[in-house]
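Residue-level structure breakdown
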Amino acid sequence: MIAGIIAGITWALETVILGIALGMTPFLSTQQAVFLAPFVSTFLHDACSAVWACCYNGMKGNLGGVWKAFKTKSGKWVAAAAVIGGPIGMTGYVMAVNYMGASIGAVASAIFPAVGSILAYIFLKEKMKWYQWIFLIFTLLGVYGLSYSPNLDIRNFWLGLLGALMCAFGWGIEAVILAKCLKDPEVTDEYALQIRQTTSALFYGIVLLPVLKGWGFTASLFTAGTGWLLPVIALAALFATASYLFYYKAIAQIGASKAMALNVTYSAWAMVFTVLLLRDTSVLTPMTVLCAVVVLVCGIFAAADFKEILSRRK
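Conventions adopted
- Residues numbered from 1 in each chain as written.
- Predicted model: local features only at pLDDT ≥ 70, side-chain atom pairs only at ≥ 80, totals over all residues.
- Heavy atoms only, no water.
- Helix = DSSP H or I, 4+ residues; strand = E, 2+ residues; numbered from the N terminus.
- Rg over C-alpha atoms; globule rule 2.2 N^0.38 Å.
- Buried < 20%, exposed > 50% of the residue type's maximum accessible area, 1.4 Å probe, protein only.
- Areas by Shrake-Rupley, 256 points an atom, 1.4 Å probe, with all protein chains shown as cover.
- Axes fitted to C-alpha atoms, helices over the stretch in contact; angles between N-to-C directions.
- Parallel < 35°, antiparallel > 145°, perpendicular 65-115°, else oblique.
- Left-handed = near helix turned anticlockwise from the far one by under 90°.
- Contact = heavy atoms within 4.5 Å.
- Nonpolar A, V, L, I, M, F, W, Y, C, P; charged D, E, K, R; others polar.
- Salt bridge = Lys/Arg side-chain N within 4 Å of Asp/Glu carboxyl O.

Observations concerning the overall build of the protein chain
From N to C terminus, the protein chain includes 14 helices and zero strands. Its helices and strands in sequence order give the protein chain the pattern α-α-α-α-α-α-α-α-α-α-α-α-α-α, from N to C terminus. A globule of 314 residues ought to have a C-alpha radius of gyration of about 20 Å, and the protein chain, at 19 Å, matches this closely. Within the span of the protein chain, comprising 314 residues, buried residues form 52% of the whole. Total accessible area on the protein chain is roughly 14,900 Å²; 72% of this is exposed by carbon and sulfur atoms.

Given below as structure tokens:
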């Protein structure tokens, strides 16, 4: 559970820092830049994360083990999960926000733990107590409350709905596949992280960016005049790498359902860091504070097995 909570905290830091990068001039300079920003930033983000993971695994002498793990059946499934959760899930999220507004994107990101928990119950036989389901529902309602905006701007309902489903099922399926793969002793959480981030970055670079004609814009970010953009993305990727590592540890130790409930608390932690790091107190309204408390408390309770805790104390 501690690993799952740290995953949420570090992902919140990643979210705030990446938000700073997306607000920088290079991503706002033209209409094309605004359109490509989510895809290009995610590509650079995952590529930097893959480098950070490579440094981490290199220092621990794991690189040979990563390649060996990749050649296994479980390793290839981790790569498939990376495509499902990374490019497909993230692209779906961007579509939902783009075609139906930010609040619908929030719904998509909020329901993925519920989708993942149902899939984990069906395919992994992971069981959650009745009160854990109740706490999970309250957690997701809190996440929605934190991100909700009454200003819906529905540009294309069907494409937006498709994006929301891609996001919810993409992220949910990814967690379930990873939970299954991490049961293989040859695929550790550290190996899985390297495979995941490398595969996601390669898919973005080889498939998505050429399709979107985004390589010219991406290359322009490496020229003079972009300021601190790339270092900020690299810093966000560092926290993302730590988050994934702890998230995978949580999945391996307590299962996908409980790990997702803890990981989704990042939305509440992000509000905390927005106040602490950006000095933005406008997010502190009675509604957001209440929702943040609900997310943190219910997210932890959704992952807690009270019967197991009581039996250990006895």
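Details of the packing of helix α11 (residues 256-263) against helix α13 (residues 286-303)
The geometry of α11 relative to α13 is characterised by a closest axis approach of 8 Å and an angle of 170° between their N-to-C directions. Classified by the angle their axes make, α11 and α13 are roughly antiparallel. Here the hand of the crossing between α11 and α13 comes out left-handed. Residues K258, A261 and L262 of α11 touch α13, and the partners they reach there are G299, I300, A302 and A303. By residue class, the composition of the contact of α11 with α13 is five nonpolar, one polar and one charged.

Overview of the pattern of salt bridges
In total, this model carries four salt bridges according to the counting rule given. The salt bridge involving R196 is made with E174; its shortest N-O contact spans 2.8 Å. Of this pair, R196 sits in helix α8 (residues 189-211) while E174 sits in helix α7 (residues 157-181), placing them 22 residues apart in sequence. Both residues of the pair, R196 and E174, count as buried. We note a salt bridge from K249 to D189, for which the minimum N-O separation is 3.6 Å.

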